[in-house]
Amino acid sequence: MTSVGAASRAHGGRSAATLTIGDVLTQLKGEFGDLTISKIRFLEDQGLVHPERTPSGYRKYTTGDVARLKYVLSQQKYHYLPLKVIKDQLDAIDRGLVPPGGAAASPRAAHVAIASIEDNAPTAEHFRPAQAAMRLTREELLNAAGLRAAQLSELEQFGLIAARPGGHYDDDALAVGKIVAELAHFGLEGRHLRAFRTAAEREVGLFSQVVGPLSRHKSSEARAKAEETVRELAALSVRLHAALVQIGLREVVGGS
């Protein structure tokens, strides 16, 4: 099946454009039942597809154009992405910033092929503090997180989980516990994860230096600005970490 990559290459040297807009509608209607000729024209107006025009003004589409349209419609239907985001993704593919791969083979494959750190990275809103709502006993935490008692003891020993005053565990402990339980399936234990806590503490310390003057200010506006700034720094930090890991893993899995 033709990929979005074909649509990207079509911008330079186009393959034969032989399909009418009606042919395109027929090909895509089965998967996208609400598709109309008007919508196809609208997507063209938005710069998402670029069919050729005959001397008499009729649109003619290549198989690459169809793949590109299918990609757009899939991202809308299955991932609820706005057209601006989809257009940015296609522009990145066109410029060779993201390998097109077999992006249009299926909605899932399309999503994976263009997935980047930016697509799914946390934003500052993800770091907005929330009041802890859970009060879990040790046994409840073990059951909810899927941890063994020995694992929890090790996590406490290395400072990744700590009981709250009164001996109960909260939402934070459960979140960390669940992640560690999944990592354990790959043979990673608490002693392997100490570096994560050390790195997090260093980042928190660095960000504290940045927002310190604001957070100490008596003005409520300044304190609000400090909270906003530290959330933005946290989001950027996670994105940088993910990007560096992604780059490093290319060598591990033999990518280029």
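Rules behind the numbers
Residues numbered from 1 in each chain as written. Predicted model: local features only at pLDDT ≥ 70, side-chain atom pairs only at ≥ 80, totals over all residues. Heavy atoms only, no water. Helix = DSSP H or I, 4+ residues; strand = E, 2+ residues; numbered from the N terminus. Buried < 20%, exposed > 50% of the residue type's maximum accessible area, 1.4 Å probe, protein only. Polar contact = N/O pair within 3.5 Å; in protein donor to acceptor, adjacent residues only side chain to side chain. Contact = heavy atoms within 4.5 Å. Arc of directions from axis to C-beta. Core = buried A, V, L, I, M, F, W, Y, C linked by side-chain atoms within 4.5 Å. Axes fitted to C-alpha atoms, helices over the stretch in contact; angles between N-to-C directions. Parallel < 35°, antiparallel > 145°, perpendicular 65-115°, else oblique. Left-handed = near helix turned anticlockwise from the far one by under 90°. Nonpolar A, V, L, I, M, F, W, Y, C, P; charged D, E, K, R; others polar. pLDDT = per-residue confidence, 0-100.

In the nomenclature of an unreviewed UniProt entry, the protein is known as MerR family transcriptional regulator of Jatrophihabitans cynanchi.

### Considerations on the side chain of Arg59
Relative to the elements of secondary structure, Arg59 occurs in strand 2 (residues 59-60). Judged by its relative accessible area of 18%, Arg59 falls in the buried class. There is a polar contact of 2.5 Å between the side chain of Arg59 and the side chain of Glu44. Leaving out residues up to four positions away in the same chain, Arg59 has contacts with Leu19, Thr20, Ile21, Arg41, Glu44, Pro51, Glu52 and Arg53.

### What to know about helix 2 (residues 21-29)
Of the residues making up helix 2, those classed as buried are Ile21, Val24, Leu25 and Leu28. The buried residues of helix 2 occupy an angular sector of 100° when projected down its axis, which confines them to one face. For helix 2, the secondary structure elements touched by its buried residues are helix 3 (37-45), strand 2 and helix 4 (63-79).

### Regarding the nonpolar core
Among the nonpolar cores identified, the biggest contains 20 residues, and Val24, Leu28, Ile40 and Leu69 are the most heavily contacted of them. When contributions to this core are tallied by element, the ones reaching two or more residues are helix 2, helix 3, helix 4 and helix 5 (83-94). With five residues, the top contributor of residues to this core is helix 4. Leaving out residues up to four positions away in the same chain, Ile40 has contacts with Ile21, Val24, Leu25, Leu35, Tyr61 and Leu69.

### Points about the packing of helix 8 (residues 138-145) against helix 10 (residues 171-184)
In contact at an axis separation of 9 Å, helix 8 and helix 10 are set at 45° when each is read in the N-to-C sense. Judged on the interaxial angle alone, helix 10 and helix 8 are oblique. Handedness of the helix 8/helix 10 crossing: right-handed. For the pair helix 8 and helix 10, the contacting residues are Leu141, Ala144 and Ala145 in the first and Ala173, Leu174, Gly177, Lys178 and Ala181 in the second. A class-by-class count of the residues in the contact of helix 8 with helix 10 yields six nonpolar, one polar and one charged.

### Observations regarding unusual backbone geometry
In the Ramachandran plot, Tyr80 falls in the positive-phi region, its phi being about 55° despite a non-glycine side chain. With respect to the helices, strands and loops of the structure, Tyr80 is situated in the loop between helix 4 and helix 5. Overall, Tyr80 belongs to the exposed group, its relative accessible area being 69%.

### What about the confidence of the model for the protein?
Averaged over all residues, the pLDDT of the protein is 82; the fraction at 70 or higher stands at 82%. Of the regions scoring below 50 in pLDDT, residues 9-13 engages in three contacts with residues more than four places distant in sequence or in other chains. Low pLDDT (under 50) marks residues 99-115, which in the prediction has 38 contacts with non-local residues, meaning those over four places away or in another chain.

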